[in-house]
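Fold and contact review
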Amino acid sequence: MSNETITSCPVCGNNQLEFHQEVPDYFGDQESFKLSLCKKCDTLSTNPRPDQTKITKYYKSNSYVSHGDKKGGLFTLLYQRIQLINFKYKLSLLNKYTLNKKHLDFGCGTGSFLNLLSKKGWQVNGVEPDIKARTIAIEQYNIASTFQSLEALPINETFSSISLFHVLEHVHSLEATLNQLISRLDNNGVIILALPNYKSYDAQCYQKFWAGYDVPRHLYHFSQKSIHQLAKNFGLNIVATHPMKFDSYYVSLLSEEYQSGKKNYLKAFLNGFISNKKAKKSNEYSSLIYVLSK
């Protein structure tokens, strides 16, 4: 069987799910996918969803080599600059909420963030299932401790911080994966999640064209309420939430292209700006970073 039907909420277990909306896969061939809403915790689920064997075709080359690892072009240069600013922002959060400098990046991609941490004196490990991205992490950035799966990590090794930057929404085995990650945390360790927020202004503005849905690669679509429920279920505390302000502009730019077939830089910038301005009061930023502790 290649598709999985979700009969209960992956976050809270509630079996009363209702149809929310239908969203095309704009990154692919515009195949439509339905979103189911959990009325109890607000989590949206792509439902039905491709199983783990079928999902690979929706990633095209099945490789997470980001814009930041390519060369040439104004957009790429801008992307790299913003990526570096985001990396420094994430590093500042790690320094703020951790006692030690031992980090695991789950879904580390090509290892560019781990490379920055390593240069700053951190002991780093990465998990990346994609062989092409993992090879770049090992060969280009010399992150030898990059593994294919959590199971491949050295037994009993724990970390002062674990990050999942726009990764959790891709994970099929949500409960098993989170339990494994929590077991790898030091007593004072933190898990840092970066996730799209479907309650943001840009999500409401673009509706089915919102690039943050990214179906079917995103299996779940979280709100702040659903992350609070998730934390409660796993015995975690939400220490803080922080905005990712650049995401509103990037997501709006992609959403404009999905909606009109054109980049529409000015309109995308305006909607991204409005989204951040409204979020100053509501805290409903396009993407949010959640800091969770045991």
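Here goes a summary of the coordinates provided. (Residues numbered from 1 in each chain as written. Predicted model: local features only at pLDDT ≥ 70, side-chain atom pairs only at ≥ 80, totals over all residues. Heavy atoms only, no water.)

Moving on, we come to the overall build of the chain. On a plain count of helices and strands, the chain comes out with 8 helices and 13 strands. Radius of gyration (C-alpha) of the chain: 18 Å, near the 19 Å computed for a compact globule of 294 residues. Overall size of the chain, expressed as C-alpha extent along the three principal axes, is 45 × 45 × 40 Å. For the chain, the proportion of its 294 residues judged to be buried stands at 53%. Long-range contacts, defined as pairs at least 24 residues apart, comprise 70% of the intrachain contacts of the chain with a sequence gap of at least 6. Approximately 14000 Å² of the chain is accessible, and the part contributed by carbon and sulfur atoms is 52%. (Helix = DSSP H or I, 4+ residues; strand = E, 2+ residues; numbered from the N terminus. Rg over C-alpha atoms; globule rule 2.2 N^0.38 Å. Buried < 20%, exposed > 50% of the residue type's maximum accessible area, 1.4 Å probe, protein only. Contact = heavy atoms within 4.5 Å. Areas by Shrake-Rupley, 256 points an atom, 1.4 Å probe, with all protein chains shown as cover.)

Note: strands within a sheet are paired through backbone hydrogen bonds, in either parallel or antiparallel orientation. Sheet architecture is open: 4 strands sit in the order S2-S3-S4-S11, paired in antiparallel fashion. Taken across any chain shown, the strands that pair with only one partner, and hence form the sheet edges, are strand S2 (17–24) and strand S11 (220–221). In terms of strand pairing, S2 meets strand S3 (residues 32–38) through 7 bridges, oriented antiparallel. From the neighbouring strand, Pro24 faces S3, where its bridge partner is Ser32. (Pairing = 2+ DSSP bridges.)

Looking now at helix H3 (residues 131–139). Considered for burial, the residues of H3 that qualify are Ala133, Arg134 and Ala137. Taken around the axis of H3, the buried residues stretch over an arc of 100 degrees, which confines them to a single face. The outward face of H3, more than 90 degrees from its buried face, is lined by the exposed residues Ile131 and Glu139. If you follow the buried residues of H3, they end up packed against strand S8 (146–147). (Arc of directions from axis to C-beta.)

What follows concerns the packing of aromatic side chains. For the coordinates displayed, the defined rule picks out 9 aromatic pairs. With a centroid separation of 4.9 Å and 15 degrees between ring planes, the pair formed by Tyr26 and Tyr258 is classed as stacked. Within this pair, whereas Tyr26 is found in the loop between S2 and S3, its partner Tyr258 is found in helix H7 (residues 246–260), the two being separated by 232 residues in sequence. By relative accessible area, Tyr26 is classed as buried at 14%. (Phe/Tyr/Trp six-rings, centres within 6.5 Å; stacked < 30°, edge-to-face > 60°.)

Moving on, we get to the sheet that holds strand S10 (residues 185–196). Reading across the sheet, the 7 strands line up as S8-S7-S6-S9-S10-S13-S12 and stay open at both edges, with mixed pairing between neighbours. Looking along the sheet, the strands with just one partner apiece sit at the ends: S8 and strand S12 (237–243). Of the strands in this sheet, S10, S12 and strand S13 (287–293) touch helix H6 (residues 224–233), which is tilted by about 20 degrees from S13. (Axes fitted to C-alpha atoms, helices over the stretch in contact; angles between N-to-C directions.)

Turning next to the pattern of salt bridges. Applying the stated criterion across every chain yields a total of 7 salt bridges. One salt bridge connects Arg217 with Asp25, and the closest N-O pair in it is separated by 2.6 Å. Of this pair, Arg217 sits in the loop between helix H5 (201–206) and S11 while Asp25 sits in the loop between S2 and S3; the two residues are 192 residues apart in sequence, bridging distant segments of the chain. The exposure class of Arg217 is buried, given its relative accessible area of 3%. Given the relative accessible area of 2%, Asp25 is considered buried. Linked through salt bridges whose partners overlap, the residues forming this network are Asp25, Asp214 and Arg217. (Salt bridge = Lys/Arg side-chain N within 4 Å of Asp/Glu carboxyl O.)

Our next topic: the packing of H7 against helix H8 (residues 265–282). Contact geometry of H7 with H8 gives a least axis separation of 8 Å together with a crossing angle of 135 degrees. In this view, H7 runs oblique relative to H8, as classed from their interaxial angle. In the packing of H7 onto H8, the handedness of the crossing is right-handed. When H7 is examined against H8, the residues Ser248, Tyr249, Ser252, Leu253 and Glu256 are found in contact with a partner set consisting of Tyr265, Lys267, Ala268, Phe269, Asn271, Gly272, Phe273, Ser275 and Asn276. (Parallel < 35°, antiparallel > 145°, perpendicular 65-115°, else oblique. Left-handed = near helix turned anticlockwise from the far one by under 90°.)

Glancing now at the layout of surface pockets. Over the atoms a probe the size of a water molecule is rolled, and this reveals where empty space is left. As a volume, the second largest pocket reaches approximately 180 Å³. Those elements that place two or more of their residues in the lining of the second largest pocket are helix H1 (74–97) and helix H2 (112–119). Residue contributions to the lining of the second largest pocket peak at 5 residues, all from H1. The residue makeup of the lining of the second largest pocket, split by class, is 4 nonpolar, 5 polar and 2 charged. (1 Å grid on protein atoms, 1.4 Å probe; cavity = no way out; pocket = protein on both sides within 12 Å on 5 of 7 lines; lining within 4 Å. Points joined across faces, edges and corners; volume = space filled by probe spheres on them. Nonpolar A, V, L, I, M, F, W, Y, C, P; charged D, E, K, R; others polar.)

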